[in-house]
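# Observations on the three-dimensional arrangement
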Amino acid sequence: MSDTLHIRGLEVERGNKLRTCLPVLDTTIEIPITIINGRNDGPTLLITAGIHGGEYPGIAAAMELGRDITPEDISGCLIMMHPVNIQGFWARRAFVVPEDGKNLNREFPGDVNGTLSQKTAWLLSQHFFPLADFYVDMHSGDIHEELHPYVYYPGLPNNEISEKSREVAKILDMEFMVRSMATTGAYNCAAISGIPSLLIERGGAGLCLREDIDAYKKDLHNILCKLGLFTNSAPLPRKHTPIDVTDVIYLETNNTGCWFPCFHCGDKIKKGDKLGCLTDLFGNTITVYNAEQDGIILYQCPALSAPKGTILVTYGQIRNN
């Protein structure tokens, strides 16, 4: 990379930090962005938070790290966007961009002539992904989701990208990781274009707890060390090293009803266990859901209201390496 970073009209010289707002093309929407162009040369790490505006801990972690990290701390370049879905953030909306009702994470690689979601996705995929040597997308359970911390790494487009991503996932302080074969999502789009990437999940249910913010900051510290952007810092100690969860089932309701789960996120389950039941507004049972396999519950809906299409429980099999 040259000594001066040029991107969408922004210039950041070597040894400087810029904290500003970046317009989304042909709109009045501006995304908060922090760019730290380190004192010394090195890789470029792109971090996004708040692609879903109601997923708060990663947004807060990026805000605080962007404030505290200096160019003297960095070898290379750190780019953070926080939050990407700024309109959803202020509207407290789950998943979608309010202007077009689209799930931004399903719109990559985007469309320069499309709606706000599609323009935002296009901005990232065309102008930021090509700069990155590695990409981290920070998520949480959304406003109506609770989860047990885990990380996705891409299974596509090839084993080289997958393994580079997995090696970084292994330094996170969490118990589980999932190899995704999906083609949708910002991190999968980046991986398909040749950039190792991760999607990290921490926190949820509309909460922004200090413990989740600090855990995210620890994750990012260790990633910066692993990738060589922090050359004068040591990795922080961990309690866990993630192991793979496979054969993940996303249990989606075909009916609208009231949801009563039987387990908590992080609980281990056995095939046949009752996962929960869906009732009508008079308490009459509509459907009882039972586990199709042994596994671990990664995330679930903690809300009573479960419209048709809600993912009630997500669980998978723990692979003993």
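Residues numbered from 1 in each chain as written. Predicted model: local features only at pLDDT ≥ 70, side-chain atom pairs only at ≥ 80, totals over all residues. Heavy atoms only, no water.

### What to know about the overall build of the chain
Within the chain, the regular secondary structure consists of 6 helices and 21 strands. Overall, the C-alpha framework of the chain stretches about 65 × 45 × 35 Å when taken along its three principal axes. Looking at the chain as a whole, 54% of its 321 residues qualify as buried. Total accessible area on the chain is roughly 13600 Å²; 49% of this is exposed by carbon and sulfur atoms. Of the side-chain charges in the chain, 28 are positive and 38 negative, and the distance between the mean point of each set is 3 Å. (Helix = DSSP H or I, 4+ residues; strand = E, 2+ residues; numbered from the N terminus. Buried < 20%, exposed > 50% of the residue type's maximum accessible area, 1.4 Å probe, protein only. Areas by Shrake-Rupley, 256 points an atom, 1.4 Å probe, with all protein chains shown as cover. Lys, Arg positive; Asp, Glu negative; His and termini not counted. Charge placed at Lys NZ, Arg CZ, Asp CG, Glu CD.)

### Some remarks on the sheet that holds strand β17 (residues 274–279)
Spatially, β18-β17-β15-β20 is the arrangement adopted by the 4 strands of the open sheet, whose pairing is antiparallel. Each end of this open sheet is capped by a strand with a single partner; those strands are β18 (285–290) and β20 (305–306). Of the strand pairs in this sheet, strand β15 (residues 257–261) and β20 are connected by 2 bridges, and their pairing is antiparallel. Bridge pairing links G257 to A306 in β20. (Pairing = 2+ DSSP bridges.)

### Some words on helix α3 (residues 116–128)
Taking 1.5 Å as the rise per residue, α3 with 13 residues should run 18 Å; its terminal C-alpha atoms sit 17 Å apart, in good agreement. Along α3, 11 of the 13 residues are buried, which leaves the element largely enclosed by surrounding structure. Among all positions in α3, only L116, S117, Q118, K119, T120, A121, W122, L123, L124, S125 and F128 are buried. (Expected span 1.5 Å × (residues − 1).)

### A closer look at the side chain of S117
Its place among the elements puts S117 in helix α3. Overall, S117 belongs to the buried group, its relative accessible area being 0%.

### Considering the pattern of salt bridges
Taken as a whole, this structure holds 14 salt bridges when the rule is applied. One salt bridge in this structure joins R67 and D68, with 2.7 Å as the shortest N-O distance. Taking the relative accessible area as the measure of exposure, D68 reaches 41% and is therefore partly exposed. Each of E64, R210, D214 and K217 takes part in one network of salt bridges that share partners. (Salt bridge = Lys/Arg side-chain N within 4 Å of Asp/Glu carboxyl O.)

### Quick notes on the environment of W259
Among the secondary structure elements, W259 is positioned in strand β15. Looking at W259, the relative accessible area reads 2%, which means it is buried. In sequence terms W259 and L278 are 19 residues apart; their C-alpha atoms lie 4.7 Å from each other. When residues no more than four places from it in sequence are discounted, the contact partners of W259 are L275, G276, C277, L278, Y289, C301, A303, L304, A306, L312 and V313. (Contact = heavy atoms within 4.5 Å.)

### Some points on unusual backbone geometry
In this structure, the amide linkage connecting H82 to the following residue, P83, adopts the cis form with an omega of -5°. In this model, F108 is joined to P109 through a cis peptide bond whose omega is 10°. Within the secondary structure, P109 sits in the loop between β8 (102–103) and α3. Positioned with a positive phi, R8 is a non-glycine residue whose angle comes to about 45°. Tracing the backbone shows R8 in the loop between β1 (4–7) and β2 (10–13). We classify R8 as partly exposed; its relative accessible area is 38%. Positive phi outside glycine occurs at R92, with the angle close to 55°. With respect to the helices and strands, the residue R92 is situated in the loop between α2 (86–91) and β7 (96–97).

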